[in-house]
Amino acid sequence: MKFIKTALVLSVFSCFIIGSAYSQTSDSVQLKPSVKQFRYPNIIKLNSFALAFSNISLIYEKGIVPRVSAGIGVAYKHSGTIPSLLAIESSTFNSSFDQITGVAITPEVRYYLRACDPGKLEGFYTGVYFRYQDFNTTASFEYTPVSSPIENYFSDVSLTEFGVGIQLGYQMIIKERFSIDFLFIGPRVSGYKKAYEFDRPPSDQFLDDLSGALNEVIDRLGFDYEVDIEGDGDAKASSTFSFVNARIGLSLGYTF
């Protein structure tokens with residue numbers, strides 16, 4: 001419920017920004033009827049910052065009217081270590097994780113606050129974006145309860161995110177055909193689902209202690225959330241929670 005309320009506030013605030021921006025842009029178009037379209041309304045970009053994290057991230061941006069654009073980003077994580085929210089270690093757990101893979105889709109709308117040339121997608125911008133993301137890996141757990149025999153489990157693990165956020169950045173157009181996009185900050189609030197599919201039905205004690213270990217991870221990250229991992233079928237378990245996250249980036253692109 002807290003996530004829904006926060007997401008609703010961000011959505012309303014973002015819609016207000018975009019609505020005001022569109023209104024101002026419409027007025028600008030009426031005042032300057034000669035500016036009806038971009039010279040190069042499309043940009044394909046590669047997020048070079050994401051490459052350092054084993055992510056291939058491509059972004060397509062299209063000018064709609066002067067100073068307003070819409071876009072979508074698609075990313076694929078082909079390898080790398082697991083995110084902090086997937087890693088679990090405690091005195092009763094000994095776990096090992098394989099390489100993680102995942103995809104992310106990020107639709108966005110931008111408003112360029114001030115542009116010397118409204119025929120370009122250039123200058124400081126703000127806007128709203130949405131994020132869908134899904135990470136997957138496999139894990140082995142050795143569980144050592146205090147007064148019970150050792151339990152061993154193998155599991156497929158996934159972490160799915162749905163989020164909404166606002167962003168601030170600056171885009172520079174060089175020689176009409178090349179772009180450099182600096183995304184300074186893009187805070188968002190997200191809802192997460194973490195799911196496990198074990199090779200055999202887990203014990204209730206195992207799931208209780210796994211919940212406690214996950215809560216310790218969340219506490220170490222500085223957030224005050226209480227997460228319960230509950231059985232969801234014979235050998236499945238899952239938990240849902242909200243979390244605050246952010247995006248940044250440095251993208252190089254070509255206009256056409």
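Now for a look at the structure at hand. (Residues numbered from 1 in each chain as written. Predicted model: local features only at pLDDT ≥ 70, side-chain atom pairs only at ≥ 80, totals over all residues. Heavy atoms only, no water.)

Along the backbone of the protein chain there are three helices and 10 strands. The secondary structure elements of the protein chain, listed N-terminal to C-terminal, are α-β-α-β-β-β-β-β-β-β-α-β-β. For the protein chain, the proportion of its 256 residues judged to be buried stands at 46%. The long-range share in the protein chain, meaning contacts at least 24 apart out of those at least 6 apart in sequence, stands at 69%. With the model as given, the accessible surface of the protein chain reaches about 13,300 Å², and the carbon-plus-sulfur share is 61%. (Helix = DSSP H or I, 4+ residues; strand = E, 2+ residues; numbered from the N terminus. Buried < 20%, exposed > 50% of the residue type's maximum accessible area, 1.4 Å probe, protein only. Contact = heavy atoms within 4.5 Å. Areas by Shrake-Rupley, 256 points an atom, 1.4 Å probe, with all protein chains shown as cover.)

Counting 26 residues, the largest nonpolar core has Phe93, Phe141, Tyr196, Phe198, Phe206, Leu210 and Ile229 as its most contacted members. Among the elements of the structure, strand 6 (123-143), strand 7 (151-174), strand 8 (178-198), helix 3 (204-220) and strand 10 (236-255) are those that each provide at least two residues to this core. Those residues in contact with Tyr196 that sit more than four places away from it in its chain are Ile88, Phe141, Ser155, Asp156, Val157, Leu210, Ile229, Ala235, Lys236 and Ala237. Ranked by size, the runner-up nonpolar core spans seven residues in total, among them Ile43, Tyr112, Ile173 and Leu183. (Core = buried A, V, L, I, M, F, W, Y, C linked by side-chain atoms within 4.5 Å.)

Moving on, we get to the pattern of salt bridges. Applying the stated criterion across every chain, the model contains nine salt bridges. Of the charged contacts in the structure, one is a salt bridge between Glu108 and Arg110, with a shortest N-O distance of 2.9 Å. Classification of Arg110 by relative accessible area gives buried; the value is 4%. The salt bridge partner of Arg188 is Glu161, with a shortest N-O separation of 2.6 Å. A residue pair is termed long-range when its members are at least 10 positions apart, and Arg188 in strand 8 and Glu161 in strand 7 qualify at 27 residues. With respect to class, Arg188 is no different from Glu161; both count as buried. (Salt bridge = Lys/Arg side-chain N within 4 Å of Asp/Glu carboxyl O.)

Overall, the coordinates contain 20 aromatic pairs when judged by the stated rule. Measuring from centroid to centroid gives 6.4 Å for Phe93 and Phe141, while their planes differ by 80°, and the two rings are edge-to-face. Here the residue Phe93 occupies a position in strand 4 (residues 93-97), and Phe141 occupies one in strand 6, the gap between them amounting to 48 residues. The exposure class assigned to Phe93 is buried, which follows from its relative accessible area of 4%. Plain terms: the ring middles of Tyr192 and Phe243 are 6.1 Å apart, the flat faces sit at 85° to each other, and that makes the pair edge-to-face. Remark: Phe243 occurs in strand 10 and Tyr192 occurs in strand 8; sequence separation between them is 51 residues. The exposure classification of Tyr192 matches that of Phe243, with both residues buried. Through a chain of ring-to-ring contacts, three or more aromatic side chains come together here, namely Phe93, Phe97, Phe141, Tyr143, Tyr153, Tyr196, Phe198 and Phe206. In this structure, Arg110 is placed above the aromatic ring of Tyr125, and the distance from its NZ or CZ to the ring centre is 3.9 Å. When the ring centre of Tyr129 is taken as origin, the NZ or CZ atom of Arg247, which lies over that ring, is 4.7 Å away. (Phe/Tyr/Trp six-rings, centres within 6.5 Å; stacked < 30°, edge-to-face > 60°. Lys NZ or Arg CZ within 6 Å of the ring centre and 35° of its normal.)

By the element assignment, Glu216 lies in helix 3. Of the residues examined, Glu216 reaches a relative accessible area of 41% and is grouped as partly exposed. Between the C-alpha atom of Glu216 and that of Ser90, which follows or precedes it by 126 residues, the distance is 8.7 Å.

Let us look at the pairing of strand 2 (residues 55-65). Pairing of strand 1 (residues 42-47) with strand 2 involves five bridges; the strand directions are antiparallel. Each bridged residue has a counterpart across the sheet, and for Leu46 the counterpart in strand 2 is Leu58. Pairing of strand 2 with strand 3 (residues 68-77) involves 10 bridges; the strand directions are antiparallel. Residue pairing across strands places Val65 opposite Val68, the latter belonging to strand 3. Linking two consecutive strands that pair antiparallel, namely strand 2 and strand 3, is a turn of two residues; a positive phi of about 75° is found at Arg67 within it. (Pairing = 2+ DSSP bridges.)

Our focus in this paragraph is helix 3. Helix length check: helix 3, at 17 residues, gives a terminal C-alpha distance of 25 Å against a target of 24 Å (1.5 Å per residue), a fit within 8%. Where helix 3 is buried, its residues contact strand 4, strand 6, strand 7, strand 8, strand 9 (230-231) and strand 10. Note on helix 3: the residue one or two positions beyond its end, Gly222, has a positive phi of about 90°. (Expected span 1.5 Å × (residues − 1).)

Turning to its location among the elements, Arg131 is positioned in strand 6. Taking C-alpha positions, Arg131 is 7.1 Å from Ala104, a pair spaced 27 residues apart along the chain. Leave out the neighbours within four places in its chain, and Arg131 touches Ala104, Ile105, Thr106, Glu161, Phe162, Gly163, Arg188 and Arg247. At 2.8 Å, the side chain of Arg131 and the side chain of Thr106 are in polar contact. (Polar contact = N/O pair within 3.5 Å; in protein donor to acceptor, adjacent residues only side chain to side chain.)

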